[in-house]
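# Coordinate analysis (summary)
Residues per chain, in single letters:
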Amino acid sequence: MNIPLSVPNFEGNEEKYVSQAVKEGWVSTGGAYINELEEKLAEFLNVPMTVACQSGTSALHMALVEVGVEAGDYVIVPTLTFIAAVNPVKYQLAEPIFMDCDESFCMDTKKLTSFIEEKCSFDGERLKLKEDGKVIKALVVVHVFGNMADLETIMELSEKYHFKVIEDATEALGTYYTEGKYKGKYAGTIGDFGAFSFNGNKIITTGGGGALTAKNVEELKHLKYLSTQAKDDGLYYVHNEIGYNYRMTNLQAALGVAQLEMLPEFIKRKNANYELYRKLLSHQEKYCLRGFSNNIHSNKWFYALEVRTSTSAEDLKIIIEKLQADGIQTRPIWGLIHEQKPYRECKTYQITQAVKESERIINIPCSTNITEEEIGYVVEKLENI
Ligand SMILES: *Cc1c(COP(=O)(O)O)cnc(C)c1O
């Protein structure tokens, strides 16, 4: 047996569309597949427009640029996530302030609220950290593993205290609310900006790639312009702003169009496989397959297994190595970002839950092409540990 954690699945029109792009010679940052991907993604998400770009990281970076985050500003971020959600804050020479998660792995909005009420001041225009008077311009919220953060609270805070909300929906393409104020709304379409990723391990892939959407279409059009080197005239090379080479290529977009066709099917399979794991693991004392919020329909991108007997990262390491010896690839949840070398001096607020999760959660194989036998095998090997 050799069961990877999460691999791409090309059962659809991938080869056909990519060959077409090659045949036509449109492989770079122009071509029909880019427009098609942007339009179809916008249709799927029920938004007016999306911009395809080079990666989820570049999408997040562009959002911060548009917000006007710069040196001397703060951006509120989660500590329990992939580091790509935070690095763009540093690209802008701003500083992150790290927040804890709750049981959903997403940002703890009770702690966020008390942080703002206790540690910040609001002068009617700007939210500032009391300690040094620097402005908190934005908040990056991550919909971890396809779960969805409590956006009702976050958007209320954002309206009250005038900071922008950037949704990192890179793991949550296709997740939407089934209840509440935002019923029917997809992850990434509620905040001021929404970033998506099509990296190899995401629910759909373009090899590497991403997309961005925004509440304000003018801002989004501006970002599309910035992503293509801020070119005002393609013939005479006139540039009136500093741009980026962040545009997606047509070759990637060809893959993306084919993958997007498969997305509803992939979401179904992720859900079915999750249910199978849950059934097979239900009588287990040692493990608990963690749930998703009940006010959403999740894409169930990644499965989080709580190892109840584990009290340290060392305990998890033993389990991960044993499974590896049986041909099963798993991984621990991320190393907390505020503990990583470039971020150790940054401000944090009451981080406790994220520490606990990092000592007891592993991700188990979740590819859309995993078989029932393979799931059975994973569960059997887990039982034997
Ligand atoms: C994958 C991911 C990203 C970055 O996406 P890339 O396309 O790899 O740049 C950002 N944030 C989170 C939470 C991710 O999982």
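Residues numbered from 1 in each chain as written. Predicted model: local features only at pLDDT ≥ 70, side-chain atom pairs only at ≥ 80, totals over all residues. Heavy atoms only, no water.

Attention now goes to the pattern of salt bridges. Scanning the entire structure with this criterion turns up 17 salt bridges. In this structure, Glu70 engages Lys137 in a salt bridge whose closest nitrogen and oxygen atoms are separated by 3.9 Å. Of this pair, Glu70 sits in the loop between helix H3 (56–67) and strand E2 (74–78) while Lys137 sits in strand E6 (residues 136–142), placing them 67 residues apart in sequence. Close ionic contact of Arg360 with Glu357 constitutes a salt bridge, the shortest N to O distance being 3.1 Å. Take Arg360 and Glu357: they sit in the same class, and that class is buried. One connected set of salt bridges, linked through shared partners, spans Arg290, Glu306, Glu357 and Arg360. (Salt bridge = Lys/Arg side-chain N within 4 Å of Asp/Glu carboxyl O. Helix = DSSP H or I, 4+ residues; strand = E, 2+ residues; numbered from the N terminus. Buried < 20%, exposed > 50% of the residue type's maximum accessible area, 1.4 Å probe, protein only.)

All right, on to the site of the ligand then. In the region of the ligand, 15 residues are neighbours, and Thr57, Asp168, Glu171, Ser197 and Lys202 sit closest. A distance of 2.7 Å separates a nitrogen atom of the ligand from a polar side-chain atom of Asp168. In the environment of the ligand, a nitrogen atom lies 3.3 Å from a nitrogen or oxygen atom belonging to the side chain of Thr170. Here the ligand has 380 Å² of accessible area as a free molecule, and 93% of this is covered by the chains. Residue contributions to the shell around the ligand peak at three residues, all from H3. Grouping the constituent residues of the shell around the ligand by class yields four nonpolar, eight polar and three charged. (Near = heavy atom within 4 Å. Polar contact = N/O pair within 3.5 Å; in protein donor to acceptor, adjacent residues only side chain to side chain. Areas by Shrake-Rupley, 256 points an atom, 1.4 Å probe, with all protein chains shown as cover. Nonpolar A, V, L, I, M, F, W, Y, C, P; charged D, E, K, R; others polar.)

In terms of nonpolar packing, the biggest core is built from 133 residues, with Leu112, Phe115, Phe145, Ile166, Leu173, Tyr277 and Ile362 touching the most fellow members. Domain assignment of the residues forming this core places at least three in each of domain 1 (14–259) and domain 2 (262–384). Apart from the residues lying within four places of it in its own chain, the contact partners of Ile362 are Tyr303, Ala304, Leu305, Val307, Leu316, Ile319, Ile320, Leu323, Thr330, Arg331 and Pro332. (Core = buried A, V, L, I, M, F, W, Y, C linked by side-chain atoms within 4.5 Å. Domains from an automatic or database assignment. Contact = heavy atoms within 4.5 Å.)

Let us now look at the domain arrangement of the chain. When the domains of the chain are assigned, the result is domain 1 (14–259) and domain 2 (262–384). Counting residues at the interface gives 51 residues for domain 1 and 41 residues for domain 2. A combined buried area of about 3,900 Å² lies between domain 1 and domain 2, and 62% of that area is made up of carbon and sulfur atoms. Of all residues in domain 1, Phe98, Phe145 and Ile203 bury the most surface against domain 2, accounting for 20% of the area lost on that side. Counting every contact that joins domain 1 to domain 2 gives one salt bridge. Remark: the boundary between domain 1 and domain 2 carries 28 residue pairs in polar contact (both at pLDDT 80 or more). Put simply, the parts of the chain that give the side of domain 1 that touches domain 2 at least two residues each are E2, helix H4 (87–91), strand E3 (95–99), helix H5 (109–119), strand E8 (176–177) and helix H8 (250–281). (Buried area = accessible area lost by both parts, 1.4 Å probe.)

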